[in-house]
Amino acid sequence: MPNITVELLAGRSLEQRKAFARAVADHAVEILGARRQDVRMVFSEITADDVANGGVLASEDASRAGVLAQLNQG
């Protein structure tokens, strides 16, 4: 039984999470030979202040400003 933990920046829609879950489950069935009903996913939402890339908080990373703005519009 694959147990998959997904961390996402807060702001993804329910439809986006559903589509992601379906796609990952499809691949787990195809690649791992898992039964679809045994593919378990847990989504954890984090804020841009909870993660740093290269020592810079995502909330303070100018290169991520467009992504963060798009998530905050959701």
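For the structure, see preceding data.
Residues numbered from 1 in each chain as written. Predicted model: local features only at pLDDT ≥ 70, side-chain atom pairs only at ≥ 80, totals over all residues. Heavy atoms only, no water.

Draft legend 1. Quick look at the pattern of salt bridges. Across all of its chains, the model carries three salt bridges by this definition. Here Glu 15 ties to Lys 18 by a salt bridge, and the two come within 3.6 Å at their closest N and O atoms. Of this pair, Glu 15 and Lys 18 are both found in helix H1 (residues 14-32), three residues apart, which corresponds to roughly one turn of the helix. Arg 35 is paired through a salt bridge with Asp 38; the nearest N and O atoms lie 2.7 Å apart. Using a relative accessible area of 21% as the deciding quantity, one classes Asp 38 as partly exposed. (Salt bridge = Lys/Arg side-chain N within 4 Å of Asp/Glu carboxyl O. Helix = DSSP H or I, 4+ residues; strand = E, 2+ residues; numbered from the N terminus. Buried < 20%, exposed > 50% of the residue type's maximum accessible area, 1.4 Å probe, protein only.)

Draft legend 2. How the structure looks around the packing of aromatic side chains. Under the counting rule described, the total for this entry stands at one aromatic pair. Summarising the aromatic geometry, the rings of Phe 20 and Phe 43 are spaced 6.3 Å apart at their centres and angled 65° between planes, so their arrangement reads as edge-to-face. Of this pair, Phe 20 sits in helix H1 while Phe 43 sits in strand S2 (residues 40-46); the two residues are 23 residues apart in sequence, bridging distant segments of the chain. Taking the relative accessible area as the measure of exposure, Phe 20 reaches 38% and is therefore partly exposed. (Phe/Tyr/Trp six-rings, centres within 6.5 Å; stacked < 30°, edge-to-face > 60°.)

Draft legend 3. Inspection of the nonpolar core at higher detail. In terms of nonpolar packing, the biggest core is built from seven residues, these being Val 6, Leu 8, Ala 25, Ala 28, Ala 34, Val 39 and Met 41. Of all the elements in the fold, those that place two or more residues in this core are strand S1 (3-9) and H1. Those residues in contact with Ala 34 that lie beyond four places of it in its chain are Pro 2, Ala 28, Val 29 and Val 39. The next biggest cluster of nonpolar side chains, apart from the first, holds six residues, and it includes Ile 46, Ala 58, Leu 68 and Leu 71. (Core = buried A, V, L, I, M, F, W, Y, C linked by side-chain atoms within 4.5 Å. Contact = heavy atoms within 4.5 Å.)

Structural measurements only, silent on function.
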